[in-house]
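# Fold and contact review
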Amino acid sequence: LGERRAEPFVRQLAWRDFYAHLLAAFPGMATANLRSEYNGINWRNDPDDFEAWKAGNTGYPLVDAGMRQLLETGWMHNRVRMITASFLVKDLLIDWRWGERHFSRLLLDADPAQNAGNWQWAAGTGADAAPYFRVFNPVTQSRTWDHEGSYIGTYVPELAALPDRLIHAPWENGGLELAGYRGVLGETYPAPLVDHAVAREMAIAAYQAARTRPAD
């Protein structure tokens, strides 16, 4: 491999070693925020939303495709792991530890250091984490990384017949166009659990509130 082609692989090895060292230094990393300023986050922790996320029934097609792939195969691409994790933590305001435990049970390649480290990265609570105000937009991510909708169509077959303009956000235009594809929003495919724009603001507010409280 040339230097430029090998760089992404070497970077992943560096992350692997980084999280391994972190777990050695902080054995409780799977259960405790590495950044204590976020200990006071007011999580919603809605059990019904959590079950919908686990089952791939959030109403956001790329998130649902990823979670259904995890159930069926025990694996999903790293990009989709980041998107599904961000959705759980930031859109649904569910404690990252719930997601960490779920992934650790189902992932065939689950590794204690990698799983905990990456969940803390997604939640913004880790040693070298994504900033708390970074919230993945599941529709933008879907249109960027699965622009033809082939991944969604594979794991969310009830949407497979939809054209590109509908498959990433089937609720647009009130979901009325789904009828032409033998679909009904809320029946053949769930309506979104949350409005992403509203959920994003709620998540940022929850994190900001936690940052103003005294650390434990």
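Overview of the structure. (Residues numbered from 1 in each chain as written. Predicted model: local features only at pLDDT ≥ 70, side-chain atom pairs only at ≥ 80, totals over all residues. Heavy atoms only, no water.)

All right, on to unusual backbone geometry then. One non-glycine residue with positive phi stands out, namely N45, at about 50°. Its place among the elements puts N45 in the loop between α1 (3-25) and α2 (47-55). The class of N45 is partly exposed, set by a relative accessible area of 23%. For L93, which is not glycine, the phi dihedral falls at a positive 50°. Within the element layout of this structure, L93 appears in the loop between α4 (78-91) and α5 (96-106). Relative accessible area serves as the criterion here: at 4%, L93 is assigned to the buried category. (Helix = DSSP H or I, 4+ residues; strand = E, 2+ residues; numbered from the N terminus. Buried < 20%, exposed > 50% of the residue type's maximum accessible area, 1.4 Å probe, protein only.)

Another point: the nonpolar core. Within the largest apolar cluster, 55 residues are counted, with the highest numbers of intra-cluster contacts made by W53, F103, W119 and Y207. Not counting residues within four places of it along the chain, the set of residues in contact with Y207 comprises Y38, I41, W43, V89, K90, A123 and Y132. (Core = buried A, V, L, I, M, F, W, Y, C linked by side-chain atoms within 4.5 Å. Contact = heavy atoms within 4.5 Å.)

In a regular helix each residue adds 1.5 Å, so 17 residues correspond to 24 Å; helix α10 (residues 196-212) covers 24 Å between its end C-alpha atoms and thus fits that length. Buried within α10 we find H196, A199, A203, I204, A206, Y207 and A210. Buried residues of α10, seen end-on, are gathered within an arc of 160° and therefore sit on one face of the element. Elements in contact with the buried residues of α10: α4, α6 (112-123) and α7 (138-145). Two or three places before A197, at the opening of α10, D195 has a side-chain oxygen 2.9 Å from that residue's backbone nitrogen. (Expected span 1.5 Å × (residues − 1). Arc of directions from axis to C-beta. Polar contact = N/O pair within 3.5 Å; in protein donor to acceptor, adjacent residues only side chain to side chain.)

Among the secondary structure elements, N115 is positioned in helix α6. What makes N115 buried here is its relative accessible area of 7%. One polar contact links the side chain of N115 to the main-chain carbonyl oxygen of E100, over a distance of 2.8 Å. Not counting the four nearest positions on each side in its chain, N115 is found in contact with E100, F103, S104 and L107.

Before going further, it helps to spend a moment on the environment of D111. Structurally, the position occupied by D111 is in the loop between α5 and α6. C-alpha separation for the pair D111 and A160, spaced 49 residues apart in sequence, amounts to 33 Å. A polar side-chain atom of D111 sits 2.9 Å from the main-chain amide nitrogen of Q114.

Before going further, it helps to spend a moment on the pattern of salt bridges. Inspection of the entire model under this criterion finds 11 salt bridges. Between R16 and D17 there is a salt bridge; the shortest N-O distance is 3.1 Å. Relative accessible area serves as the criterion here: at 43%, R16 is assigned to the partly exposed category. Note that R97 is salt-bridged to D95, the shortest N-O span being 2.8 Å. D95 shares its class with R97; the two are buried. Counted as one network, the salt bridges with shared partners bring together R44, D46 and D49. (Salt bridge = Lys/Arg side-chain N within 4 Å of Asp/Glu carboxyl O.)

Let us look at the packing of helix α3 (residues 61-73) against α5. Running from amino to carboxyl end, α3 crosses α5 at an angle of 40°, the nearest separation of the two axes being 9 Å. In terms of their interaxial angle, α3 and α5 are classed as oblique. Of the residues in α5, those in contact with M67, L70 and L71 of α3 are H102, F103 and L106. Residue composition of the contact of α3 with α5, by class: five nonpolar, one polar and no charged. (Axes fitted to C-alpha atoms, helices over the stretch in contact; angles between N-to-C directions. Parallel < 35°, antiparallel > 145°, perpendicular 65-115°, else oblique. Nonpolar A, V, L, I, M, F, W, Y, C, P; charged D, E, K, R; others polar.)

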